[in-house]
Every structure is written in structure tokens, then in C-alpha cells.
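Per-entry structural report
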Amino acid sequence: MNTRYFLLSILGFASLVVAARSGLSAGPAETRLAAELIWGTNGDKPSDKELKPISADLDKRLRRIFKWKSYWVIERKEFGLAESKPAKIEMSRECRIEVTRTNADEFEIQLFGKGQLVVKKRQRIVAGETVVLGGDDKNDNAWFVVVALPRK
Amino acid sequence: MDHEFERRLQAWVDGQLDPTEARAVAATVEKDAEARQLAQNLRSLSGLLKTHAPEPTVPESRDFYWSRIRNGIEQADRGAERVDGWGSRQPGLLRWLAWLVPAGAAAFAAVLFLQPSNPYPLGLTPATPVPALTDHEIETPSDEVSSLTFYASEDSMTVVWLGRIDFL
């Protein structure tokens, strides 16, 4: 056999093995995400002792974009997501999100306020990325719903 | 005082009018208290800007940028010469490797493309996140809700800013 065809055969075989192994290991793995309901304020530290400051990393990232002086976690939930099966996450009495993994790395996030659908967002999210839904609130405050797909 | 006069007044404050026009504007300013107030505001704003506006400076000189571009081009040329020389002069196995490496890379790329359900089949995580707004959809069922979407690439963060919603 010609050396060139011999080497090509080996390379092709190796490629098939790698493809088969990766296909088998992919499986219907559950994706873990984290959701936080955050309050942004220019006022003093809130009197509610349940509120904790957000993580230093998220704080740094939000501050690069938004103007509020401090950010506080109202609720934080981690949840698993199997493909096509939505996860319903209650973030507060009036705020709920539903997250669906529609494809390998494509997600749909629905935000409900007072039981009504406010926004539906569908997009690719890769590990390390964050989606922030937010808006102004009374007294120069703001709310944020942060959905993150952490790096493994 | 109409908008056109406001523009002329601004030009007058900036010293951009010819003498005839400048005299006309000055006469109006003398008679009209509102015009006088606006002229005063414009002068004080101009003073504030001159005093406080930051002066943008480039951290490195123009020559430095050009020398970097020139060095980059020269290095690329030298690299191309080395590859050409290496491929044509090396005998035996090394010459095989010259086309085996790209062939291997092509096979590897094919393996990645043949995996529809898992984008990172070898456990790879992209070093740079894929910009999220290349394929995204957004719906706001209520006409009263306004939305603005942008992608902060430095922070790997997609932001959807919604107007007129009260959650807290």
C-alpha cells in the first residue's frame, strides 16, 4: 500500500473514533444555570438584612455598564435544565422566569411579571455568558434578572 | 425667540458672524431679556467646557503605531518566506508532514462540524465567547413595554433593558 494512503487511513480511522466517542459521551446531559433577582440602588444600604451584596465579579461587570452605586441579591436560584423541558423559577412573589433549552446551546428565557409575560428572549448562550434583563424602578432604583451559564 | 435666532445667537457668542449680522444680534440681545439670558448661559457653558472638558490623548504616538504596523508586515513577509523555503527544501518525512498537518487540521474541523448535538464534543470550551446577538430573537407582547438589547463583549453579557415595568 502506498504510504500516503496508509497514513490517510490511520487519520480517518482516528477521526471516526474521536467522533464516536464524543457522540456517545454527549448524551442528554443536564445544563446547570443560575438566576438572580437583583436590586440596584443609589441609596443607602438596605435595612433588610436578608439582602446580600452581589458577587464581586458580577458587581464589576454591572458597574461597567450601569450607573447604580450598589447592587443587592433579592433571590438566587440554581437550577438544572434538560433539553426542551422548561424550568419555572419563582424569583419573587411577582417575578418568575421560565427557561427552556431549545437546542444544544440555544436558550429561551421568558420573564413574567405579576403573572403576565413581559418579554421572551431566545439566543445562544455559551459557558461563561450572562443574560441580564433589567429595568428602571421607583426612586431611582433598578431591578435585574441575571441568568448565567457558568463555566464548568 | 425662534430656533433660527437661537442658532445665530450661538454663532454670535462663538464669534462666527460677520460684522453686520453680529451688530443685529447684539442689538436684539440688548433689548430682549430672554436672548440676553441665553447668551449668558452659552458663555458660561463655553467657559465650563474650556475649563473642565477632558483633553483626549492617544497613549502612544502616531510614529509608534506606524512602526508596529511596519514590523507586523515585515514579520509576516519573513514568516511566508520561511514556510515556502521549508516546504520546498526538506526531504522525506518532513515533506510529508508539510501536508499532513493541514490535512489533520481539516479532519479535526470535519469532526467538530459532524457533531450537531454537542458543539464542543472534545470537552473544549471556547476561549472567546460567541457574540450572543448574532442570532437572537426578542418578543415583548405588550405594546407598553419598550426594550433595548445590546451585547457587552468585554463582559460576555447580553443586556435587555425594559421600560415601564415594576417588579420590586
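**Comments concerning the overall build of chain B**
- Check the secondary structure of chain B and you find five helices and three strands.
- N-terminal to C-terminal, the α/β element order of chain B is α-α-α-α-α-β-β-β.
- Burial statistics for chain B: of 168 residues in total, 21% are counted as buried.
- If you take every contact in chain B between residues at least 6 apart in sequence, the share linking residues at least 24 apart comes to 22%.
- For chain B, the accessible surface area stands at approximately 12300 Å², while carbon and sulfur atoms represent 56% of it.

**Remarks on the overall build of chain A**
- Check the secondary structure of chain A and you find two helices and nine strands.
- In sequence order, chain A lays out its α and β elements as α-β-β-α-β-β-β-β-β-β-β.
- As displayed, chain A has an accessible area near 8400 Å², and 52% of this comes from carbon and sulfur atoms.

**Focus on the pattern of salt bridges**
All names here are of chain A.
- Here the structure, examined in full by the defined rule, presents 14 salt bridges over all chains.
- Among the salt bridges present, the one from glutamate 30 reaches arginine 32, with a minimum N-O distance of 3.6 Å.
- Three or more residues are tied together by salt bridges with common partners; here these are Glu36, Arg76 and Glu78.

**Considering the nonpolar core**
- If you look at the biggest cluster of nonpolar residues, it comprises 27 residues, and the most contacted ones within it are Ile97, Leu111, Leu133 and Val145 of chain A together with Leu162 of chain B.
- In terms of nonpolar packing, the next biggest core, distinct from the first, is built from 16 residues, Ile54, Leu58, Leu62 and Val146 of chain A among them.

**Section: the confidence of the model for chain B**
Residues and elements named next belong to chain B.
- Confidence in the prediction of chain B, expressed as mean pLDDT, is 73, and 67% of residues score 70 or more.
- Mean pLDDT across the elements of chain B bottoms out in helix H4 (residues 62-89) (70) and peaks in helix H2 (residues 19-31) (92).
- Note that residues 116-132 has pLDDT below 50 and, in this model, 33 contacts with residues that lie over four places away or in other chains.

**Topic: the environment of proline 150 of chain A**
- Following the sequence through the fold, proline 150 of chain A ends up in the segment after strand E9 (141-148).
- Residues within four places of proline 150 of chain A in sequence aside, it is in contact with Arg32, Leu33, Ala127 and Gly128 of chain A.

**So, the packing of aromatic side chains**
- On inspection of all chains with the given rule, the structure shows seven aromatic pairs over all chains.
- Each member of the aromatic cluster is reached from another via a ring pair, and the members are Phe66, Trp68, Tyr71 and Phe144 of chain A together with Trp161 of chain B.
- Taking NZ or CZ as reference, lysine 67 of chain A lies 5.1 Å from the ring centre of tryptophan 68 of chain A, over its face.
- Directly above the aromatic system of phenylalanine 112 of chain A lies the positively charged group of arginine 96 of chain A, at a separation of 4.2 Å from the ring centroid.

**Looking at a nonpolar patch on the surface**
All names here are of chain B.
- Together, Trp66, Ile69 and Ile73 make up an exposed nonpolar region whose accessible area comes to about 330 Å².
- Position of isoleucine 69 relative to the elements: it lies in helix H4.
- Isoleucine 69 sits in the partly exposed class, given a relative accessible area of 45%.

**Overview of H2 of chain B**
Residue and element names in this part refer to chain B.
- The terminal C-alpha atoms of H2 lie 19 Å apart, and with 13 residues this matches the ideal 18 Å at 1.5 Å per residue to within 8%.
- Regarding H2, the residues found buried are Ala22, Val25 and Val29. Each buried residue of H2 sits inside an arc of 70 degrees when the element is viewed along its axis, so together they form one side. In H2, the exposed residues that point more than 90 degrees away from the buried face are Thr20, Arg23, Glu30 and Lys31.

Reading the values: rules and limits
- Residues numbered from 1 in each chain as written.
- Chains lettered and ligands numbered in written order.
- Predicted model: local features only at pLDDT ≥ 70, side-chain atom pairs only at ≥ 80, totals over all residues.
- Heavy atoms only, no water.
- Helix = DSSP H or I, 4+ residues; strand = E, 2+ residues; numbered from the N terminus.
- Buried < 20%, exposed > 50% of the residue type's maximum accessible area, 1.4 Å probe, protein only.
- Contact = heavy atoms within 4.5 Å.
- Areas by Shrake-Rupley, 256 points an atom, 1.4 Å probe, with all protein chains shown as cover.
- Salt bridge = Lys/Arg side-chain N within 4 Å of Asp/Glu carboxyl O.
- Core = buried A, V, L, I, M, F, W, Y, C linked by side-chain atoms within 4.5 Å.
- pLDDT = per-residue confidence, 0-100.
- Phe/Tyr/Trp six-rings, centres within 6.5 Å; stacked < 30°, edge-to-face > 60°.
- Lys NZ or Arg CZ within 6 Å of the ring centre and 35° of its normal.
- Patch = residues over 30% accessible without salt bridge, like charges linked within 9 Å, V, L, I, M, F, W, Y side chains within 5 Å.
- Expected span 1.5 Å × (residues − 1).
- Arc of directions from axis to C-beta.

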